[in-house]
Amino acid sequence: MQTIVKAANDAGLLALMPHLLGMHPHNSVVLLAFRGNRTHGALRFDLPKPTGARPGLVYKRVSRALVGFLGKLPGADGVVVAVVTDEAFGQSPIPPHAEFVGELTRTVEHSRFALKAVLCRASDGWAPYFDLDVPTGGYSLADLVDPGIAAQLPGNLPPVLDVSAVPERVPDACDNVKLRVMSHFHRIRKLADEVSDGGAATAPGALDEDLVSLTESALHLSEDEFPEAAGLVLALAQLPRVAEWMVAQWASDEVTGYRLARQSLHPVAGRTSAEIEFVDILLGRSRRPDPARVDRAIQLMLNVVACADDAVRPTPLCMLGWLHWALGAGSLAGVYVDEAASIAPDHPWVKNLKATLNHGLLPEWAFFDGHDDDGDDDDDNDDDHYYDDSYHCDDDGDDDDYGDDDDYGDDDQGYQDSRSGQY
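These numbers were taken from a predicted model, which means no experiment stands behind them.

S.K.: Describe the overall build of the chain, listing the residues and the values that go with them.
M.R.: When you go through the chain residue by residue, the secondary structure sums to 14 helices and six strands. Counting only residues that meet the buried cut, the chain has 51% of its 423 residues in that class. Carbon together with sulfur atoms contributes 52% to the accessible area of the chain, which is approximately 18,900 Å² in total.

Below, the structure written as structure tokens:
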């Protein structure tokens with residue numbers, strides 16, 4: 001369903017920007033993509049902070065990379081550039097980060113995108129760049145509190161996220177619930193060890209069906225069912241490939257889970273079609289997931305991680321990170337992957353996810369809207385890639401190479417969030 005919100009001026013557009021992003025940007029450059037007169041998506045990246053002797057080279061490379069991301073939005077033909085910074089105008093009418101914005105503006109002007117506006121929100125004021133009439137200190141931030149924008153927004157929108165307020169560690173559940181979950185976890189692990197030592201075997205097909213059913217039912221647990229099921233999910237997550245397979249099922253559906261189970265859990269030599277499909281889901285190259293379904297998986301894994309001892313947290317944290325990445329929420333993904341890295345820095349999935357996030361890789365489905373226009377049950381060759389429920393991207397790479405002029409590359413963009421909408 002489309003939501004039409006009209007911003008009367010630049011201040012109104014800055015007031016609307018957090019709702020377009022789904023988050024409050026901090027020390028960021030935001031590209032608001034347009035198709036005609038309506039927003040078509042948004043890209044958020046950390047502001048570059050070069051420390052070497054050639055900041056201009058860094059600005060040029062960053063600018064090319066940002067406009068390259070903008071070019072991935074089908075149908076986009078215009079852009080508004082907005083900088084949000086903790087720096088101040090002070091006693092100057094010139095907005096902060098003018099040198100970088102100048103380079104980015106030149107890059108946009110040499111692209112196919114029409115430059116609609118270039119704006120800055122600083123700590124003490126706001127203003128358009130390149131406006132000769134800006135007063136010292138910029139315009140008042142009170143201008144950005146626009147009740148007209150708020151009145152046009154639908155009442156069922158989720159709250160705008162402030163990633164800086166997300167704790168670095170998933171808070172522990174209450175002692176009683178955590179004890180019950182970990183008791184079930186240790187009981188299941190003991191039983192599994194006894195079965196393994198005793199040489200007992202279960203037919204792979206039957207085992208796969210049980211795992212698929214469990215993975216599906218875990219999305220709909222009651223409060224009474226949670227402790228035992230969470231202990232089982234936590235135990236399964238410790239097994240090779242099972243955690244990746246579980247998130248792949250949550251990012252697809254139960255039918256796909258059955259199809260992938262035998263190949264992903266019992267791999268054979270060579271690359272079968274099921275193995276290719278499994279890998280494509282993990283790399284974000286398949287059909288776009290149902291966001292509501294992935295949200296349920298995120299809530300489940302948040303509750304599971306909250307009940308887990310540190311020794312068994314890393315893989316569930318990676319599951320959380322991947323699920324957020326699948327929805328384009330790279331900043332949140334980074335929070336959970338960083339927690340996992342603080343416990344197990346050499347964990348293979350931690351390394352893979354950090355590389356994905358630090359290189360600014362987005363799932364390909366982030367650039368499709370999920371509407372199938374050609375009736376073939378896929379997103380290929382669909383004419384109208386409308387971004388009502390698809391995603392924006394965000395680079396907040398805490399571990400990027402902005403400060404290294406020689407090593408900085410176009411593919412090293414940092415964490416990304418994606419969420420989009422048309423207003």
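S.K.: Describe the packing of aromatic side chains, listing the residues and the values that go with them.
M.R.: Counted under the stated rule, the structure contains six aromatic pairs. With a centroid separation of 5.4 Å and 50° between ring planes, the pair formed by Phe45 and Phe69 is classed as tilted. In this pair, Phe45 is assigned in strand 2 (residues 38-46) and Phe69 in helix 2 (residues 55-70), connecting sequence segments 24 residues apart. On the basis of relative accessibility, which here comes to 0%, the residue Phe45 falls in the buried class. The buried category is assigned to Phe69, whose relative accessible area is 7%. Arranged with centres 6.5 Å apart and planes meeting at 80°, the rings of Trp322 and Trp365 form a pair that is edge-to-face. With Trp322 in helix 12 (residues 314-326) and Trp365 in the loop between helix 14 (348-358) and strand 6 (393-395), the pair connects residues that are 43 residues apart, well separated along the chain. Judged on exposure class, the residue Trp322 and its partner Trp365 are both buried. Cluster of aromatic residues (ring-pair linked, three or more members): Trp322, Trp325 and Trp365.

S.K.: Outline the pattern of salt bridges, listing residues and values.
M.R.: What the rule picks out here adds up to 16 salt bridges. With a closest N to O distance of 2.6 Å, Arg293 and Glu216 form a salt bridge. Of this pair, Arg293 sits in helix 11 (residues 291-306) while Glu216 is found in helix 6 (residues 204-217), placing the two residues 77 residues apart along the sequence. Here Arg293 and Glu216 have matching classes, each one buried.

S.K.: So what about the nonpolar core? Which residues, and what values?
M.R.: If you look at the biggest cluster of nonpolar residues, it comprises 90 residues, and the most contacted ones within it are Leu32, Trp250, Met301, Met319, Trp322 and Leu323. When residues of this core are sorted by domain, at least three fall in each of domain 1 (10-162) and domain 2 (175-365). Filtering out sequence-adjacent residues up to four positions away, Leu323 remains in contact with Val247, Trp250, Val294, Ala297, Ile298 and Met301. By size, the runner-up hydrophobic cluster in this structure holds 33 residues, among which are Leu70, Leu73, Phe113 and Leu362.

S.K.: Summarise the state of the cysteines; cite the residues concerned and give the values.
M.R.: Following the criterion strictly, the structure yields zero disulfides and no others. Cys307 carries a free sulfur, and the closest cysteine sulfur to it, the one in Cys174, is 7.5 Å from it. A residue is classified by how much of its surface remains accessible, and Cys307, at 1% relative accessible area, is buried.

S.K.: Please set out the confidence of the model for the chain residue by residue, giving values where relevant.
M.R.: For the chain, mean pLDDT is 82; residues scoring 70 or higher make up 80% of the total. Low pLDDT, under 50, characterises residues 198-206; the predicted model gives this stretch five contacts beyond four residues in sequence or across chains. Low pLDDT, under 50, characterises residues 370-414; the predicted model gives this stretch 160 contacts beyond four residues in sequence or across chains.

S.K.: Describe the side chain of Thr107, and please don't skip the residues or the numbers.
M.R.: Tracing the sequence through the fold places Thr107 in helix 3 (residues 98-109). Residues in contact with Thr107, not counting those within four places in the same chain, are Ser63, Arg64 and Val67.

S.K.: Quick rundown of the pairing of strand 3 (residues 78-84)? Include the residues and the values.
M.R.: Buried residues dominate strand 3, accounting for seven of its seven residues. Side chains Gly78, Val80, Ala82 and Val84 of strand 3 all project onto a buried face; the interleaved residues Val79, Val81 and Val83 project onto the opposite face, where all are buried too. In terms of strand pairing, strand 1 (residues 28-35) meets strand 3 through seven bridges, oriented antiparallel. Among the inter-strand pairings, Leu31 is bridged to a residue of strand 3, identified as Val81. Inspection of the sheet shows strand 3 paired to strand 4 (residues 114-121) by seven bridges, in the parallel sense. Looking at the pairing, Val79 lines up with Leu115 of strand 4. Crossover connection from strand 3 via helix 3 to parallel strand 4: handedness right-handed.

S.K.: Break down the packing of helix 13 (residues 330-343) against helix 14 for me, citing the residues and quoting the values.
M.R.: Packing of helix 13 against helix 14 leaves a shortest axis separation of 10 Å and a crossing angle of 145°. Judged by the sense of rotation from one axis to the other, the crossing of helix 13 with helix 14 is left-handed. Along the contact surface, helix 13 presents Gly330, Ala333, Gly334, Val337, Asp338, Ala340 and Ala341, while helix 14 presents Val350, Leu353, Lys354 and Leu357. A per-class count over the contact of helix 13 with helix 14 returns seven nonpolar, two polar and two charged.

S.K.: So what's going on with the pairing of strand 1? Which residues, and what values?
M.R.: With seven of eight residues buried, strand 1 is to be regarded as a mostly interior element. Relative to strand 2, strand 1 is paired through eight bridges, and the arrangement is antiparallel. By the bridge assignment, Ser28 is partnered in strand 2 with Asp46. The antiparallel pairing of strand 1 with strand 2 creates a hairpin that spans two residues between the two strands, and Gly36 there sits at a positive phi of about 70°.

Rules of the game
- Numbering of residues begins from 1 in every chain and follows the order in which that chain's sequence is written.
- Reporting of local features is limited, given that this is a predicted model, to residues whose pLDDT is at least 70; pairs of side-chain atoms are given and counted only at 80 or more, and all residues count toward the totals for whole chains, interfaces and linings.
- Side-chain numbers here rest on the full set of heavy atoms in the structure, without hydrogens or water.
- Only DSSP runs of H or I reaching four residues or more are called helices, and only runs of E reaching two or more are called strands; each is numbered from the N terminus.
- Buried residues are those whose accessible area, probed at 1.4 Å on protein chains only, stays under 20% of the maximum for their type, while exposed residues exceed 50% and partly exposed ones sit between those limits.
- Every accessible area reported is derived by Shrake-Rupley at a probe size of 1.4 Å, with residue values counting cover from the shown protein chains alone.
- Each pair of aromatic rings taken from Phe, Tyr and Trp, with Trp reduced to its six-membered ring, is defined by centres within 6.5 Å and is described as stacked if the planes are under 30 degrees apart, edge-to-face if over 60, and tilted in the remaining cases.
- The term salt bridge refers to a pairing of a side-chain nitrogen on Lys or Arg with a carboxyl oxygen on Asp or Glu at a separation within 4 Å.
- In plain words, nonpolar cores are sets of buried Ala, Val, Leu, Ile, Met, Phe, Trp, Tyr and Cys residues tied together by side-chain atoms within 4.5 Å.
- These domain boundaries are the output of an automatic or database domain assignment.
- Contact between two residues is taken to exist if any of their heavy atoms lie within 4.5 Å; hydrogens are not considered.
- Whenever a pair of cysteine sulfur atoms sits within 2.5 Å, that pair is classed as a disulfide.
- pLDDT is a per-residue confidence score from the predictor, ranging from 0 to 100.
- Being paired, for any two strands, means DSSP has found at least two bridges between them.
- Every crossover in which the path from the first strand over the helix to the second runs clockwise, viewed with the strands pointing away from the viewer, is termed right-handed.
- Axis definition: a line fit to C-alpha positions, over the contact stretch in the case of helices; interaxial angles, taken between N-to-C directions, run 0 to 180 degrees.
- Left-handed describes a crossing whose near helix is turned anticlockwise from the far helix through less than a right angle; right-handed describes the clockwise counterpart.
- Each residue is assigned to one class: nonpolar for Ala, Val, Leu, Ile, Met, Phe, Trp, Tyr, Cys and Pro, charged for Asp, Glu, Lys and Arg, and polar for all the others, Gly among them.

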